[in-house]
Amino acid sequence: MTNFNTWIILGIITVVLLIIFWGKRNAVWGGLTIGIIIGLIVAIFYLFKGSGLNWPIIGKGAVLGTMAGFVAELLGILSDFIRKKKQ
């Protein structure tokens, strides 16, 4: 049986979310951008520490940022649903 890493599973979910939300400006793509930027900043600290540029940190930042953007997108969809239901 193949041993799946949690980050690989989250990475696959991230790719699926990016495909679903392709072609329009939304929180998922914004979260990806912010996640990459924060991941780069943290990786630069690792670079100055002397252990080299830590690429997995950038990937993990991108995954976490995309997930946070998806949660924000879901909250927006839920808010629109509740607003329409009240009217």
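Everything numeric in this text was worked out from a predicted model, so none of it was measured.

## Observations regarding helix 1 (residues 6-20)
Every α-helix winds through 3.6 residues per turn, so residues three or four apart in the chain are directed the same way.
1) Next: Relative to the 21 Å expected for 15 residues at 1.5 Å per residue, helix 1 spans 21 Å between its end C-alpha atoms, a close match to the ideal helical length.
2) Next: Every buried residue of helix 1 is accounted for by T14, L17 and L18. With its buried residues spanning 95° around the axis, helix 1 presents them on a single face. In helix 1, the exposed positions angled more than 90 degrees off the buried face are occupied by I19 and I20.
3) Next: The secondary structure elements touched by the buried residues of helix 1 are helix 2 (27-49) and helix 3 (55-86).

## So, the packing of aromatic side chains
1) Next: Applying the stated criterion to the full structure yields two aromatic pairs.
2) Next: Measuring from centroid to centroid gives 6.0 Å for F21 and F70, while their planes differ by 65°, and the two rings are edge-to-face. A residue pair is termed long-range when its members are at least 10 positions apart, and F21 in the loop between helix 1 and helix 2 and F70 in helix 3 qualify at 49 residues.
3) Next: Judged by its relative accessible area of 23%, F70 is partly exposed.
4) Next: Here W22 and W29 contribute two aromatic rings whose centre-to-centre distance is 5.5 Å and whose plane-to-plane angle is 70°, an arrangement assigned as edge-to-face.

## Details of the pattern of salt bridges
1) Next: In total, this model carries one salt bridge according to the counting rule given.
2) Next: Across the pair R83 and D80 runs a salt bridge whose closest N-O atoms are separated by 3.5 Å. Placement of both R83 and D80 in helix 3 is noted, with a separation of three residues, approximately one turn of the helix.
3) Next: Its relative accessible area of 48% is what places R83 among the partly exposed residues.
4) Next: The class of D80 is partly exposed, set by a relative accessible area of 36%.

## Points about the environment of L17
1) Next: When you line up the elements, L17 lands in helix 1.
2) Next: Spatially, the C-alpha atoms of L17 and F70 are 7.7 Å apart, while their sequence positions differ by 53 residues.
3) Next: Leaving out residues up to four positions away in the same chain, L17 has contacts with V28, M67 and F70.

Conventions used here
Residues numbered from 1 in each chain as written. Predicted model: local features only at pLDDT ≥ 70, side-chain atom pairs only at ≥ 80, totals over all residues. Heavy atoms only, no water. Helix = DSSP H or I, 4+ residues; strand = E, 2+ residues; numbered from the N terminus. Expected span 1.5 Å × (residues − 1). Buried < 20%, exposed > 50% of the residue type's maximum accessible area, 1.4 Å probe, protein only. Arc of directions from axis to C-beta. Contact = heavy atoms within 4.5 Å. Phe/Tyr/Trp six-rings, centres within 6.5 Å; stacked < 30°, edge-to-face > 60°. Salt bridge = Lys/Arg side-chain N within 4 Å of Asp/Glu carboxyl O.

Treat this as a map of the structure, not an account of what it does.
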